[in-house]
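Below, each chain spelled out in residue letters.
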Amino acid sequence: MSVQSEQKRDASAKEWSQESVSIPDHWICASFEDVFDSLSLTGLKIPQKEYEPSGVYPVVDQGADLIGGYTNDERKVINRKKPVIVFGDHTKCFKYLPFPFAPGADGVKVLVPKLEVEGKYLFYACKALQLPDRGYSRHFSFLKKCKFPLSPKDEQRDIVAKIETLFSELDKGIESLKTARQQLKAYRQAVLKHAFEGKLTEQWRQQNSDKLEPPEQLLARIRQEREQCYQQELEDWKQAVKAWEDSGKEGRKPSKPKLPKGSGAEITSENLKELPYGWYWVRLSDLLQSSPQNGIYKPSSEYGDGFKIIRIDNFYDGAVVGGDKLKRLSLSVDEINAYGLALGDLIVNRVNSIEYLGKSALIRALNEPTVFESNIMRCSLVDGSISKEFITLFLNSRTGRKELCKNAKHAVNQASINQSDVGNAFLPLCSYDEQTEVVGNLESKLSQIESLNNEIDTQLEKSEILRQSILKRAFSGQLSSCIASALD
């Protein structure tokens, strides 16, 4: 950190003041120096690249997890008779450590409680603090300004016991909510699986046999639409080339469109599940009106003002999220023309960790020009003969993601898929009327699942608010009333 940054941080700490809290008359307010010694870590810190996946001693850093890795180097280990508290200078994370450990290299402060104060009491007192959020800047200067309410030592033990009793009950509720969320996630995938096996619309097919369009007829119409789209793109390209030539060939020559390769035929394979009558497997490339396209690359230093850009963390479960909070960057007219998204475009995550690789979303709304980053691929689906919602829902099912990623290339901490991989993904297809029926069934069921998920999220947020309320009341001498309200 530069001297200027340090001065700015110190000035910010001087301006900040801790919220005052009333405490019982028999308590005292102690300074940071009254209750803590800060342990020197010279020669002890272990860089993250040297963490081992297993070993004799845990490495504790400022991350959210209690243990970041392991080491076998006994010379790096802190082993004290009394527990210590680790503070994450960047993350504001507090950890209570009653066991030997080695400190991680970045942003770790080891605090040693002084003998006249219970270590666990101080740990919870730290957790009750409302330190300002300075992002990834340092926060230790704020912590050193804090005052700590101290009760008599016997009362400290009683307060710790009451906090942990309440937290234990709270954690049981949180665990139940998280279990329910996982069950909803599994149920969502089960619903999608049934939908694309034709089971959700089995009765509909029996009642609407006259609407079950033969595969050959639908595929022929899709081929015709693809050819019409391609011819229109060729005409648009010719006009663009003429305009480019008339302007003195300024800038890059418009690229000639390419029709994606497709089989144009029904697919049969012993590796694909048998589908009900009127359903058949196709390749995604058969449903595209142009070849898939990778997004624009811009370094993060260029983000600021300008046009919206969708990045890999901006879409989940088939939809773009946080539209008003998308990053922005300045772009030329040519870049907007080349990478600007259109309504109905399908975007696919082509580079990421294997957990998120292949997630996709449909562009359903655009209130201004928006582009997509280079780790994303754009697929333009044909109009008219297929439901784009149907395709998107399938690709976000477990089977759909598996199809998109079946030929993924793996590297360190990430994997990737290319345009051929995406085009060769198999999809189940049925008549347009049944596609619409599937989408309607799914949207109703998925809406209910989403509503339940939102309620779980609300309850989890309330749980964290209650946790902070317990701590706040504990260190203002009001824990008895907190217990009563928590149990109501």
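What counts as what
- Counting starts from 1 at the beginning of each chain's written sequence and moves along it residue by residue.
- Owing to the predicted nature of the model, reporting of local features is limited to residues with pLDDT of at least 70; listing and counting of side-chain atom pairs is limited to 80 or more, with chain, interface and lining totals taken over all residues.
- With hydrogens and water stripped out, all remaining heavy atoms of the structure feed into the side-chain values.
- Strands were regarded as paired on the criterion that DSSP finds at least two bridges between them.
- Helix and strand assignments come from DSSP, with helices taken as H or I runs of at least 4 residues and strands as E runs of at least 2, each series counted from the N terminus.
- Pairs of residues are marked as contacts when any of their non-hydrogen atoms sit within 4.5 Å.
- Axis geometry follows a simple rule: fit a line to the C-alpha atoms, using only the stretch in contact for helices, then measure angles between N-to-C directions, giving values from 0 to 180 degrees.
- For this classification, under 35 degrees means roughly parallel, over 145 means roughly antiparallel, 65 to 115 means roughly perpendicular, and everything else is oblique.
- Think of it as three bins: nonpolar holds Ala, Val, Leu, Ile, Met, Phe, Trp, Tyr, Cys and Pro, charged holds Asp, Glu, Lys and Arg, and polar takes everything else, Gly as well.
- Under the convention used throughout, the expected extent of a helix is 1.5 Å for every residue step, that is, one less than its residue count.
- Burial classes follow relative accessibility: with a 1.4 Å probe on protein chains only, a residue under 20% of its type's maximum area counts as buried, one over 50% as exposed, and anything between as partly exposed.
- The definition of a nonpolar core used throughout is a set of buried Ala, Val, Leu, Ile, Met, Phe, Trp, Tyr and Cys residues joined through side-chain atoms within 4.5 Å.
- Aromatic pairing here means that ring centres of Phe, Tyr or Trp (its six-membered ring) are within 6.5 Å. Orientation follows from the plane angle: under 30 degrees is stacked, over 60 is edge-to-face, and everything else is tilted.
- Our definition puts a charge over a ring when NZ of Lys or CZ of Arg is within 6 Å of the ring centre and also within 35 degrees of the ring normal.
- Each residue carries a pLDDT value, the predictor's own confidence for that position, ranging from 0 to 100.
- Crossings are sorted by hand: turned counterclockwise from the far helix by less than a right angle, the near helix makes the crossing left-handed, and turned clockwise it makes it right-handed.

1. Points about the sheet that holds strand E11 (residues 293-294)
Phase 1 of the analysis: Strand order in the open sheet formed by four strands is E11-E20-E16-E18, with antiparallel pairing between adjacent strands. With one partner strand each, in any of the chains shown, E11 and strand E18 (360-362) form the two edges of the open sheet.
Phase 2 of the analysis: Bridge count for strand E16 (residues 345-349) against strand E20 (residues 376-380) is five bridges, and the pairing is antiparallel. Along E20, the bridge assignment pairs Asn 349 with Ile 376.
Phase 3 of the analysis: Here helix H9 (residues 388-395) sits on the sheet and contacts E16 and E18; the angle it forms with E18, its principal contact strand, is near 160 degrees.

2. Thoughts on the packing of helix H5 (residues 153-195) against helix H12 (residues 432-474)
Phase 1 of the analysis: Here H5 crosses H12 at 170 degrees, and the two axes come no closer than 10 Å. When the interaxial angle is binned, H5 and H12 end up roughly antiparallel.
Phase 2 of the analysis: When the residues that make up the contact of H5 with H12 are grouped by side-chain class, the tally is 24 nonpolar, three polar and seven charged.

3. Details of helix H7 (residues 215-246)
Phase 1 of the analysis: Taking 1.5 Å per residue as the helical rise, H7 with its 32 residues ought to reach 46 Å, and the 47 Å between its terminal C-alpha atoms agrees with that figure.
Phase 2 of the analysis: Within the sequence span of H7, burial applies to Pro 215, Leu 218, Leu 219, Ile 222, Glu 225, Arg 226, Tyr 230, Leu 234, Trp 237, Val 241 and Trp 244.
Phase 3 of the analysis: Its buried side turned inward, H7 meets strand E10 (280-283), strand E23 (426-429) and H12.
Phase 4 of the analysis: Of the residues flanking the end of H7, it is Gly 248, one or two places downstream, whose phi is positive at about 85 degrees.

4. Looking at the environment of Ser 290
Phase 1 of the analysis: Position of Ser 290 relative to the elements: it lies in the loop between E10 and E11.
Phase 2 of the analysis: For Ser 290, a relative accessible area of 13% translates into the label buried.
Phase 3 of the analysis: In the structure, Ser 290 is positioned 130 residues away from Ser 420 in sequence and 13 Å away in space, judged by C-alpha atoms.

5. Thoughts on the nonpolar core
Phase 1 of the analysis: Counting 51 residues, the largest nonpolar core has Phe 196, Leu 287, Phe 390, Ile 391, Leu 429 and Leu 442 as the members making the most contacts within it.
Phase 2 of the analysis: Not counting residues up to four positions away in its chain, the partners in contact with Leu 287 are Ile 222, Val 282, Ser 380, Leu 381, Val 382, Ile 386, Ile 391, Leu 427 and Leu 429.
Phase 3 of the analysis: The next biggest cluster of nonpolar side chains, apart from the first, holds 36 residues, and it includes Trp 27, Val 35, Ala 125 and Ala 474.

6. Section: the sheet that holds strand E2 (residues 36-38)
Phase 1 of the analysis: The strand order E2-E8-E5-E6 describes an open sheet built from four strands, whose pairing is antiparallel. Among the strands making up the open sheet, the edge pair consists of E2 and strand E6 (94-97). The average angle at which neighbouring strand axes cross in this sheet is 30 degrees, direction not considered.
Phase 2 of the analysis: Sheet analysis places strand E5 (residues 84-88) next to strand E8 (residues 108-113), joined by four bridges and oriented antiparallel.

7. Brief notes about the packing of aromatic side chains
Phase 1 of the analysis: Tallying each qualifying case throughout the model produces 15 aromatic pairs.
Phase 2 of the analysis: Relative to Phe 36, the ring of Phe 32 lies with its centre 5.3 Å away and its plane at 40 degrees, an arrangement referred to as tilted. As far as burial versus exposure is concerned, Phe 32 and Phe 36 are alike and both buried.
Phase 3 of the analysis: Counting every residue linked through ring pairs, the aromatic cluster contains Phe 32, Phe 36, Phe 87, Phe 94, Phe 140 and Phe 148.
Phase 4 of the analysis: Its guanidinium or amino end placed over the ring of Phe 315, Lys 359 lies 3.9 Å from that ring's centre, counting from NZ or CZ.

8. Let's talk about the confidence of the model for the protein chain
Phase 1 of the analysis: Scored by pLDDT, the protein chain has a mean of 89; 93% of the residues are at 70 or more.
Phase 2 of the analysis: Long-range and interchain partners of residues 481-488, a stretch whose pLDDT sits below 50, account for ten contacts in this model, where long-range means more than four residues apart.

9. Some words on the packing of helix H3 (residues 119-127) against H5
Phase 1 of the analysis: Between H3 and H5, the least distance of the axes is 9 Å, while the angle of their chain directions is 55 degrees. The orientation of H3 with respect to H5, classified from their angle, is oblique. Taken as a pair, H3 and H5 cross one another with a handedness that is left-handed. Between H3 and H5, the residues in contact are Lys 120, Tyr 121 and Tyr 124 and Gln 156, Ile 159, Val 160, Ile 163, Glu 164 and Phe 167, respectively.

10. Remarks on the environment of Phe 36
Phase 1 of the analysis: On the secondary structure map, Phe 36 appears in strand E2.
Phase 2 of the analysis: As a C-alpha pair, Phe 36 and Gln 468 span 432 residues in sequence and 23 Å in three-dimensional space.
Phase 3 of the analysis: Beyond its immediate stretch of four places on either side in the chain, Phe 36 contacts Ile 85, Leu 111, Val 112, Pro 113, Lys 114, Leu 122, Cys 126 and Phe 148.

11. Structural notes on the pairing of strand E12 (residues 303-310)
Phase 1 of the analysis: As defined by bridge partners, E12 adjoins strand E15 (residues 327-329) across four bridges and the pair is classed as antiparallel. In the sheet register, Lys 308 faces E15, and the bridge partner there is Arg 328.
Phase 2 of the analysis: Note: E12 against strand E19 (residues 370-372), three bridges, orientation parallel. Across the sheet, the residue bridging to Lys 308 is Thr 370, located in E19.

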